Amino acid sequence: MSDAPEHLERADQLERLTAGADHVISKGELEAKLAKGRPLRVKLGIDPTASDIHLGFAVVLRKLRAFQDLGHTAVLILGDFTAQVGDPSGRSALRPRLTKDEVEAHAVTYVKQVTKVLSTDGLEIRRNSEWLASMGMEDVLRLASCATVAQMLERDDFQKRYRTGAPIAVMELLYPLLQGWDSVMVEADVELGGSDQLFNNLMGRTLQTSEGQDPQVVMTMPLLVGTDGTKKMSKSYGNYVGIDEPPSEQFGKLMRIPDDLMPQYFALTTGWNHDQVAALARQLTEGAIGANEAKRLLARTVVELYHGPGSGESAESEFDRVFRAHEAPTEVPAFSLAAESLVDGRIRLARLLALAGLATTNADGRRKIAQGGVKIAGERVEDPDIELEPAALDGKVVQVGRRSWARVEVEKGSGTPPV
């Protein structure tokens with residue numbers, strides 16, 4: 001084979017792998033690594049700090065899958081050790097520390113969910129407790145000597161906290177070093193991350209160089225704005241769409257994103273190429289497609305990515321059933337009304353709402369009823385102090401607002417007052 005076709009193939013790989021990235025440090029280094037003709041070890045770290053992977057993190061997962069599709073090895077680091085330290089990236093305060101049991105529970109969920117995006121072929125999953133948990137004080141001191149306090153305070157998040165007098169724990173200063181050491185231990189050729197991970201990823205290059213390794217290429221991807229239209233998508237902000245959520249939940253959340261976010265969502269969540277996204281953006285600008293129609297297309301596309309062909313149309317039908325026809329969803333969560341919840345053979349509706357998770361407190365339940373937002377079997381209830389017998393509730397759907405339902409199932413023996 002001549003050099004020309006091989007060069008063109010490398011150029012094509014380089015273009016495909018770097019498409020959409022915020023930073024690539026550097027393209028020349030990545031091209032040189034590709035020229036070696038061996039599978040690259042492409043690292044992505046994820047701290048199991050929550051139970052769900054959302055569309056924001058899936059942006060980076062999909063880039064990792066692009067490397068897999070070209071024959072490279074995905075090295076997924078489950079930060080079961082670093083999750084207990086807490087990544088300070090983008091934080092205005094110290095993260096609450098998690099227990100080992102909490103981290104482990106989240107890690108099990110993450111492994112299951114990542115395979116919705118990544119192929120199990122060419123996937124290496126490691127836990128950084130393998131090497132970090134056994135470090136002694138001498139190891140930590142040697143690692144800490146590889147960076148200066150001035151370097152750490154160059155971080156925007158640390159600078160802001162320092163200027164405002166917000167505390168910065170020494171433990172947080174160690175986090176980039178621990179993440180960087182992961183790169184040394186797995187001998188990463190490339191590290192991926194969100195754009196807020198640039199500082200941490202660059203630390204991996206520093207440590208690899210100090211250990212005599214070829215420094216990794218750093219590639220960061222844009223941060224997806226959450227459904228609130230302001231902050232980055234995060235479970236802690238409550239503005240996320242989980243990749244493992246039911247189709248109807250994903251569809252409904254995506255239908256609520258602000259119109260101006262659609263180009264970004266099409267670019268980062270659908271798997272579409274640049275030309276497809278650009279064409280859609282032009283249609284929106286020219287009015288050839290309406291915002292609502294485009295949003296439905298987005299929601300169907302994302303749902304089908306994670307739930308398979310046909311799931312998008314089904315979720316759309318369910319959405320229309322609930323929000324256009326104002327009918328109850330096909331699947332309504334059941335709430336079991338226990339005998340001990342009754343007083344003199346009855347239950348106050350406001351209390352029922354709180355017990356069923358349709359209100360935060362009894363007072364919140366009364367407020368929702370008084371505002372006219374509560375229905376039983378489609379009939380609006382307006383008396384905030386109403387008390388009902390179990391027979392009047394058994395099998396009935398209780399609705400609060402436009403998005404909350406519960407089907408009441410009365411436990412056997414709940415028709416009479418408790419002894």
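Residues numbered from 1 in each chain as written. Predicted model: local features only at pLDDT ≥ 70, side-chain atom pairs only at ≥ 80, totals over all residues. Heavy atoms only, no water.

**Q** Help me understand the environment of Leu-224, please; the structure alone is not making it clear to me.
**A** Of note, Leu-224 is situated in the loop between β6 (217–221) and α11 (247–254). Overall, Leu-224 belongs to the buried group, its relative accessible area being 3%. It is 8.3 Å that separates the C-alpha atoms of Leu-224 and Phe-57, two residues lying 167 residues apart in sequence. (Helix = DSSP H or I, 4+ residues; strand = E, 2+ residues; numbered from the N terminus. Buried < 20%, exposed > 50% of the residue type's maximum accessible area, 1.4 Å probe, protein only.)

**Q** Looking at this structure, how should I read the pairing of strand β13 (residues 404–410)?
**A** Working note: regular strand, side chains alternate between the two faces of the sheet. Two elements, strand β7 (residues 334–337) and β13, share four bridges in a ladder whose sense is parallel. Among the inter-strand pairings, Leu-337 is bridged to a residue of β13, identified as Val-410. Sheet topology places strand β12 (residues 397–400) next to β13; four bridges connect them, and they run antiparallel. Of the residues in β13, the one forming a bridge with Val-397 is Arg-407. In this structure, the hairpin formed by β12 and β13 is closed by a connection of three residues, where Gly-401 is found at a positive phi of approximately 65°. (Pairing = 2+ DSSP bridges.)

**Q** Can you walk me through the packing of aromatic side chains in this structure?
**A** Two aromatic rings, taken as a pair, are described by how far apart their centres are and by the angle between their planes. Counted by the stated rule, this structure contains two aromatic pairs. Relative to Phe-319, the ring of Phe-251 lies with its centre 5.4 Å away and its plane at 55°, an arrangement referred to as tilted. Taken together, the residues span a long stretch of sequence, with Phe-251 in helix α11 and Phe-319 in helix α15 (residues 311–323) at a distance of 68 residues. Pairing Phe-266 with Trp-272 gives two aromatic rings, centres 5.0 Å apart and planes at 40°, and the pair type is tilted. When its relative accessible area of 22% is taken as the criterion, Trp-272 is described as partly exposed. Of note, Lys-231 hangs over the ring of Tyr-237, and the distance from its end group to the ring centre comes to 4.7 Å. Note that Lys-253 overlies the ring of Tyr-240, its terminal NZ or CZ placed 4.2 Å from the centroid. (Phe/Tyr/Trp six-rings, centres within 6.5 Å; stacked < 30°, edge-to-face > 60°. Lys NZ or Arg CZ within 6 Å of the ring centre and 35° of its normal.)

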